[in-house]
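Inside the fold
So the chains spell out like this:
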Amino acid sequence: MTVKLNITPVGNLKGVSMSGLLAEVLKVVNGSSLKYQVTSTGTILEGSWQQVFSLVERYQEVVKHRIGPVITHITIDDQIRKKELREDEAVVMEKKMERELRTCGYQPVHGEYCP
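Here the structure is a predicted model, which means the values were calculated and not measured.

Two elements, strand E1 (residues 2-9) and strand E3 (residues 42-46), share four bridges in a ladder whose sense is antiparallel. Note that in E3 the partner of valine 3 across the bridge is leucine 45. Here eight bridges tie E1 to strand E4 (residues 70-77), and the two strands are oriented antiparallel to one another. Residue valine 3 lies in a different strand from E4, and its bridge partner there is isoleucine 76.

Written out as structure tokens, the structure reads:
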């Protein structure tokens, strides 16, 4: 299952470093065994239902503890697939298009940032 998670703070953000908060949350994500990708609009997590939602709960608690109330937006893709993962799907599309796909942000699979 693939889940896109976006948590929007609705509490008082005065004096809150959003980059510091994101770094704190990503330590929790990085400490998990799940594959993930950070985008400009949220975090994509990949794993079983139990793994993903256990991490979503911890992610949300870190944010709520630091800044108070939040709104959590979750998009779930639970299509039954073979063992290929998100990055494998991108490779299939690249082969069909006969070119490399353009992506943005940090690519944890490759361990690098886009130019």
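Having seen it, we continue.
Before going further, it helps to examine the sheet that holds E3. Sheet strands associate in pairs through backbone hydrogen bonding, adopting either a parallel or an antiparallel arrangement. Judged by pairing direction, the sheet is antiparallel, and its four strands sit side by side in the order E2-E3-E1-E4 without closing on themselves. Whereas interior strands pair on both sides, the edge strands pair on one side only; in this sheet they are strand E2 (35-39) and E4. Adjacent strand axes in the sheet meet at a mean angle of 20° when their direction is disregarded. Helix-sheet contacts for helix H2 (residues 49-67) involve E1, E3 and E4, and the interaxial angle to E4 is about 165°.

Looking now at the environment of isoleucine 7. Relative to the assigned elements, isoleucine 7 resides in strand E1. Given a relative accessible area of 15%, isoleucine 7 falls into the buried group. Distance in space between the C-alpha atoms of isoleucine 7 and isoleucine 71 is 5.7 Å, their sequence separation being 64 residues. Once residues lying within four places of it in the same chain are set aside, the contact partners of isoleucine 7 are Tyr59, Gln60, Val63, Val70, Ile71 and Thr72.

This next bit is on the packing of helix H1 (residues 18-30) against H2. In the contact formed by H1 and H2, the axes pass within 10 Å of each other and the chain directions differ by 155°. Considering the angle they form, H1 stands roughly antiparallel to H2. Between H1 and H2 the crossing geometry is right-handed. Where H1 approaches H2, its residues Gly20, Leu21, Leu22, Glu24, Val25, Val28 and Val29 are matched on the opposing element by Leu55, Arg58, Tyr59, Val62, Val63, Arg66 and Ile67. Looking at side-chain class alone, the contact of H1 with H2 contains ten nonpolar, one polar and three charged residues.

Each value, and the rule that gives it
Here the residue index of a chain counts from 1 through its sequence in written order. For this predicted model, a pLDDT threshold of at least 70 governs which residues receive local features, and a threshold of 80 or more governs which side-chain atom pairs are given and counted, while totals over whole chains, interfaces and linings are taken from all residues. Side-chain calculation: all heavy atoms of the structure are included, whereas hydrogens and water are not. Between any two strands, pairing holds if DSSP finds at least two bridges. Elements are defined by DSSP. Helices are runs of H or I of four residues or more, strands are runs of E of two residues or more, and each kind is numbered from the N terminus. With axes taken as lines fitted to C-alpha atoms, and helix axes fitted only over the stretch in contact, angles between N-to-C directions fall between 0 and 180 degrees. Residue contacts are counted whenever heavy atoms from the two residues lie within 4.5 Å of one another. Under the scheme applied here, a residue whose accessible area is under 20% of the maximum for its type counts as buried, over 50% as exposed, and between as partly exposed, the area being computed with a 1.4 Å probe on protein chains only. What sets the label is the angle itself: under 35 degrees gives roughly parallel, over 145 gives roughly antiparallel, 65 to 115 gives roughly perpendicular, and the rest give oblique. Helix crossings are classified by the rotation of the near helix relative to the far one: an anticlockwise turn of less than a right angle makes the crossing left-handed, while a clockwise turn makes it right-handed. Three residue categories are used. Nonpolar comprises Ala, Val, Leu, Ile, Met, Phe, Trp, Tyr, Cys and Pro, charged comprises Asp, Glu, Lys and Arg, and polar comprises the others, including Gly.

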